[in-house]
Amino acid sequence: NGNLYVVNFEKDGTIGLVKADGKVELFLTLPEGSTANSIQFDSKGTMYLADFTGHNVLMVNMKTKKVDVYVHNDAFNQPNDICINKRDQIFASEPNWKESTGQLWRIDKGGKAVLLTKDMGTTNGIALSPDEKILYVNESVQKKIWAFDVDVKGNISNKRLFAEFPDFGFDGMKCDAKGNVYITRYGKGTIAVLSPEGKLIREVTLKGKRCSNLVFGGPGKKHVFVTLQDRKGMERFANDIAGK
């Protein structure tokens, strides 16, 4: 519908709705104790939220705005970012910032949480390739991006280093239709664009420095919308390739 949804509009624990003309309004307020960090939609248009303070993944009925717990697990550190495949399986990054470690989970339809690996650094941004055969996960503190093969059941294997940088952190991450990977470089204020081989193609310079997440949308899905923590708002840039 051309709407853009953003976490923590005006205060923590809310979801804001940005209309196509840039006007913003409060969409909903989450239950007390919940704070969303990521928004994704499944094939039926249901909204899912990574709720890091409540240790949940939340589910939102877009018609009634009713918020339910899709999955809660005491083994969750704090669900941070999520992506969803065509079969509506959710992949969730799960950092432990104090220990500089992290986990990866898959959440199957119905809300069953499956631990994929706990042998990670500070897991943050997470994205699937266009054919959904590769899962990319970055580590903010370690400044590494890992790639995993994904099978038809959603299991991961063949962990390999995709890319790494000597400076600045990472946050959100997305892929375009050609399989290039777009990564927010938190503190530097750029979006790094990497080829499917992990080579740096270019960096898009933003006005703000603390870029936290990004999403493709707009006409032909060729605009990239970026959340900026330091500017407390969003920036947008035109792209030559559509989002996946």
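This text follows the structure it describes.
Notes on the structure follow. (Residues numbered from 1 in each chain as written. Predicted model: local features only at pLDDT ≥ 70, side-chain atom pairs only at ≥ 80, totals over all residues. Heavy atoms only, no water.)

Considerations on the packing of aromatic side chains
For the structure on display, the rule yields seven aromatic pairs. Ring centres of Phe76 and Trp105 lie 4.9 Å apart, and the angle between their planes is 85 degrees; this geometry places the pair in the edge-to-face category. Here Phe76, found in the loop between β7 (67-72) and β8 (81-84), pairs with Trp105, found in strand β10 (residues 101-108); they are 29 residues apart in sequence, far enough to count as distant. Per residue, the accessibility class of Phe76 equals that of Trp105, and both read buried. (Phe/Tyr/Trp six-rings, centres within 6.5 Å; stacked < 30°, edge-to-face > 60°. Helix = DSSP H or I, 4+ residues; strand = E, 2+ residues; numbered from the N terminus. Buried < 20%, exposed > 50% of the residue type's maximum accessible area, 1.4 Å probe, protein only.)

A word on the sheet that holds strand β21 (residues 223-228)
Pairing within the open sheet is antiparallel, and its three strands lie in the order β20-β21-β22. Only two strands of the sheet have a single partner each, and these edge strands are β20 (211-217) and β22 (233-238). On average, adjacent strands in this sheet sit at an angle of 25 degrees to one another, irrespective of strand direction. In this structure, β21 lies alongside β22, joined through six bridges in antiparallel fashion. Bridge pairing in β22 places His223 opposite Ala238. (Pairing = 2+ DSSP bridges. Axes fitted to C-alpha atoms, helices over the stretch in contact; angles between N-to-C directions.)

Considerations on the pairing of strand β15 (residues 156-164)
As paired strands, strand β14 (residues 144-150) and β15 are joined by six bridges and run antiparallel to one another. Looking across to β15, one finds that Ala147 is bridged to Arg160. The hairpin formed by β14 and β15 contains five residues between the paired strands, and Gly154 there has a positive phi angle of roughly 90 degrees.

As for the state of the cysteines
On inspection of all chains with the given rule, the structure shows zero disulfides. You can see Cys211 has no disulfide; the closest cysteine sulfur is in Cys175, sitting 17 Å from it. (Disulfide = S-S within 2.5 Å.)

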